[in-house]
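Coordinates in review
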Amino acid sequence: MKNYIIGLLSGLLCVAPVIAQNRLAEPSRVQLEWQRMETTAFVHFSVNTYADMEWGYGNESPQLFNPEKLDCRQWARTCKEAGLQGVILTAKHHDGFCLWPSAYTEHSVKNSPWKNGQGDLVREFVDACREYGLKVGLYLSPWDCNHPEYGKPEYITYFCNQLRELLTNYGELYEFWFDGANGGRGYYGTDSLHTRKIPADYYPWEKITKMVYELQPNCVVHGGDLANIRWVGNEEGYALEEHWSTVREPELYDKNVQKRFQWMKGHDDGTIWMPSEVDVSVRPGWYYHASEDHKLKSLSKLTDIYYESVGRNSLLLLNLTPNKDGLIPAQDSIRLCEWHKRYTSELSNNLMSDRMRISGGKDTKRLRCLLDGNRESYWVADTKTPVVEVDFGKKLRFNRLLLQECIEKGQRVKAFTIEYWRDGKWIVLDTQTTIGYKRILRFPEIVSSRLRICVKDSRDIPYLSEIQIYLAETVPDAPVISRNQKGEVSLTCSDSNAAIFYTLDGKEPTVSDGILYQKPFISDGDCIIKSIAVNGNRISTTAIRRFEGSKAIWTTVPAKAASRIFDGVEHTAWVGTNPLVVDLNAVCKLKGLTYLPDQSRWASGLVVKYVIEISKDGDRWEEAIRGEFANMQNHPVEQQILFPKVCEGRFIRFRALSTVDNSDRLGAAELNVILFK
Ligand code: FUL
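Since the model is a prediction, treat every value here as computed from it, not as a measurement.

Here we take up the site of the ligand. Within the structure, the ligand sits among F42, H44, W55, H93, H94, Y139, D179, A181, E235, D279, W286 and N631. The contact in question runs from an oxygen atom of the ligand to an N or O atom on the side chain of H44, over 2.7 Å. A distance of 2.9 Å is found between an oxygen atom of the ligand and a side-chain nitrogen or oxygen belonging to H93. Across the complex, the protein chains shield 98% of the 290 Å² of accessible surface that the ligand would expose by itself. Of the residues contributing to the shell around the ligand, the split by class is five nonpolar, four polar and three charged.

Strand β11 (residues 276-281) sits mainly inside the fold: six of its six residues count as buried. Burial along β11 is two-sided: S276, V278 and V280 and E277, D279 and S281, pointing in opposite directions, are all buried. In the sheet, strand β8 (residues 230-231) pairs with β11 via two bridges, with the strands oriented parallel. Directly across from R230, in β11, lies its bridge partner S276.

Our focus in this paragraph is unusual backbone geometry. Trans is the common state for peptide bonds, and a negative phi is the common state for residues other than glycine. With an omega dihedral of 0°, the bond running from V557 to P558 counts as a cis peptide bond. Here P558 lies in the loop between β28 (555-557) and α13 (562-565). In the segment running from N578 into P579, the intervening peptide bond is cis, with an omega of 5°. Position of P579 relative to the elements: it lies in the loop between β29 (574-576) and β30 (580-596). Not every positive phi belongs to a glycine, and N116 is a case in point at roughly 50°. Its location among the elements puts N116 in the loop between β2 (86-92) and α5 (121-131).

Glancing now at the domain arrangement of the protein. Split by domain assignment, the protein resolves into domain 1 (2-342), domain 2 (357-470), domain 3 (480-547) and domain 4 (555-675). Measuring from the centre of the C-alpha atoms in domain 3 to the corresponding centre in domain 4 gives 29 Å. Each side of the interface is counted separately: domain 3 has five residues, and domain 4 has five residues. With both sides pooled, the region where domain 3 packs onto domain 4 buries about 330 Å², and carbon together with sulfur makes up 45% of that total. On the domain 3 side of the interface with domain 4, the three residues burying the most area are S482, R483 and Q485, jointly 80% of the side's total. Applying the counting rule to domain 3 against domain 4 returns zero salt bridges. Class assignment for the residues of the side of domain 3 that touches domain 4 results in no nonpolar, three polar and two charged.

Under the defined criterion, the tally for this structure stands at 37 salt bridges. When the shortest N-O distance is used, the salt bridge between E613 and R653 registers 3.0 Å. Separated by 40 residues along the polypeptide, E613 in strand β31 (residues 607-615) and R653 in strand β33 (residues 639-659) bring together distant segments of the chain. Through salt bridges with shared partners, one network takes in R36, R375, E376 and E408.

Moving on to the packing of helix α4 (residues 72-81) against α5. In the contact formed by α4 and α5, the axes pass within 8 Å of each other and the chain directions differ by 40°. Accordingly, the angle class assigned to the pair α4 and α5 is oblique. Relative to α5, α4 is oriented so that their crossing is right-handed. Contacts from C72, R73, W75 and A76 of α4 reach α5 at L121, E124, F125, A128, C129 and E131. Here the residues of the contact of α4 with α5 are counted per class, giving seven nonpolar, no polar and three charged.

Let's shift gears to the environment of E277. Examined against the element boundaries, E277 turns out to sit in strand β11. Its relative accessible area of 1% is what places E277 among the buried residues. In sequence terms E277 and I229 are 48 residues apart; their C-alpha atoms lie 7.1 Å from each other. If near-sequence neighbours (up to four positions away) are discounted, E277 is found in contact with W34, E175, W177, H222, I229, R230, W231, V232, S314, L315 and L317. Among the polar contacts listed, one links the side chain of E277 to the side chain of W177, at a separation of 2.8 Å.

Here the focus is the sheet that holds strand β3 (residues 135-140). The strand order across the open sheet built from eight strands is β7-β4-β3-β2-β1-β12-β11-β8, with neighbouring strands paired in parallel fashion. Two strands bound the open sheet, and with one partner strand each, they are β7 (220-222) and β8. Pairing analysis gives five bridges linking strand β1 (residues 39-43) to strand β12 (residues 315-320), with the strands arranged parallel. Considered in β12, the bridge of F42 is made with N319.

What follows concerns the state of the cysteines. By the definition in use, this model includes zero disulfides. Unpaired in terms of disulfides, C145 finds its nearest cysteine sulfur in C98, a separation of 13 Å. Classification of C145 by relative accessible area gives buried; the value is 1%. Unpaired in terms of disulfides, C588 finds its nearest cysteine sulfur in C647, a separation of 12 Å. Look at C588 and you get buried, because its relative accessible area is 19%.

Analysis parameters
- Residues numbered from 1 in each chain as written.
- Predicted model: local features only at pLDDT ≥ 70, side-chain atom pairs only at ≥ 80, totals over all residues.
- Heavy atoms only, no water.
- Near = heavy atom within 4 Å.
- Polar contact = N/O pair within 3.5 Å; in protein donor to acceptor, adjacent residues only side chain to side chain.
- Areas by Shrake-Rupley, 256 points an atom, 1.4 Å probe, with all protein chains shown as cover.
- Nonpolar A, V, L, I, M, F, W, Y, C, P; charged D, E, K, R; others polar.
- Buried < 20%, exposed > 50% of the residue type's maximum accessible area, 1.4 Å probe, protein only.
- Helix = DSSP H or I, 4+ residues; strand = E, 2+ residues; numbered from the N terminus.
- Pairing = 2+ DSSP bridges.
- Domains from an automatic or database assignment.
- Contact = heavy atoms within 4.5 Å.
- Buried area = accessible area lost by both parts, 1.4 Å probe.
- Salt bridge = Lys/Arg side-chain N within 4 Å of Asp/Glu carboxyl O.
- Axes fitted to C-alpha atoms, helices over the stretch in contact; angles between N-to-C directions.
- Parallel < 35°, antiparallel > 145°, perpendicular 65-115°, else oblique.
- Left-handed = near helix turned anticlockwise from the far one by under 90°.
- Disulfide = S-S within 2.5 Å.

What follows is the structure, encoded as structure tokens:
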């Protein structure tokens, strides 16, 4: 039935995935245009921004929403300058608040003080995007914690009505985003916070998706059962190195298949075209939180994200977080522009030219297409395992390689090596699997006069369109600043040839005014450390870290946890006995706790529901707070828990009531008790 619907839709509308009969799956025109956008933006802005939450419960008052200085043109300008081609706005998130005056609910901008309830934020957003030549996408959360009938058929009617409003009132859309988070804790129009679960077949995805494809024929769909693009499987900003734009169709509709993992890689024998999208936020949260102002992703992290998404055959959806004024924070806009400048300048001067000698197949004329800098032209190999060699005619220095397949003919290459010529023989530079729409490899600079790509395996005869090499001028990464429990500060830089300078007085470090870092030093208690890395005349951005108080006399039960959770290093986690007790060794006034879950890729013991108890003597305990962290499975970032009232105590007991992997262990990379000064 589903095959039939997809076939019907693709035939009629030319937008749904094209199903391979006897040939490889190929992208539809719409999927191809979407892939070519490469970098796009997400904007999370809503009542959550004002309630300082990631997942609202649906009882937040619309009165909170008042972006007095809202300027969607500033958002659009930032996106334009950062090279982002399209923008998706969260028209409604899980809390149900609508950024447009929907005719079907009162829980929207029309009951907010913003523009006296006369505003339509979706409209302003769309107009600004159009003015700056950006494509427009919308996000409508299927989960709605505000709606009393969520979970019943009535809500589906409501949802479809809202969907129709968004699909018909705001012009052409390039992407529609349905979130996978569905059902959970909320008020649902009642007085109590409770959990609503929904059955797997609650949403009529055939009807919903068909509505999008019919009303917006140039739109791709994310989420639901009949989407034509897929989630990459994480929210950290990377696609796996082996990355297929195809998946096996029968498994796509099999509810028993754990899609999260299989979708990360796609399938090398996939029968349906379903390219992936990497969604990640520039800050830890999807929404703006002032407490995360110092956690904006670094230039080098964002650059890695570019290479590990676009450079791995995926599309980047980079989230921006307008603040309470309704503006993208200035430092975020600046960072995004720096980021765009960084990766485009790294890839601006292709050292390959079509005057170079190229060999590898009978059709030598068409082979030149690989060197013409034009993705549209392509070369068809003679075999499934061609070897293409380029002779530069002189020695060149390079540290980037960009490859493209002509994906109009499907994704074909399964394995290849890159080799370069040195001292009379071929040296293997890298061994890789997929290419797809775009594959960019980074490696330490090499000097050579010849390069060859040896395809070792492919689904069918490869259709290649580009081979490019670049010499990217690399700037050292900003140093990483960490402080251990003893108050010992370490500064490290991924560029081992860079010198590190720092200041402790809040001043900007420079080579002449900074202190040259030689070995770890003690700086306990409150302090601010600023640091740069310098390699020749190339200087990193400034790393800044503030530390508060001292953990020197704190201990834990179990004792071993302390060396992991107080060491200031994110990648060393404690995974062990639940609960975990912190002993401050003195009775203190307590404000709350910060908890950084295990950050490793296959993390364990990520706490979802928790209770925190306090004790002065280690015998008598009092509950300080209990609650639940939002979105822990997909987004295990640092959590801050503030106690509802000031507590006094020496012992803090942190107990997981449930964890993502249902383990009875508790995993923590860092734990910090916030004290009153
Ligand atoms: C997630 C949501 O739950 C987050 O809040 C955010 O909207 C992200 C893009 O998708 O699954």
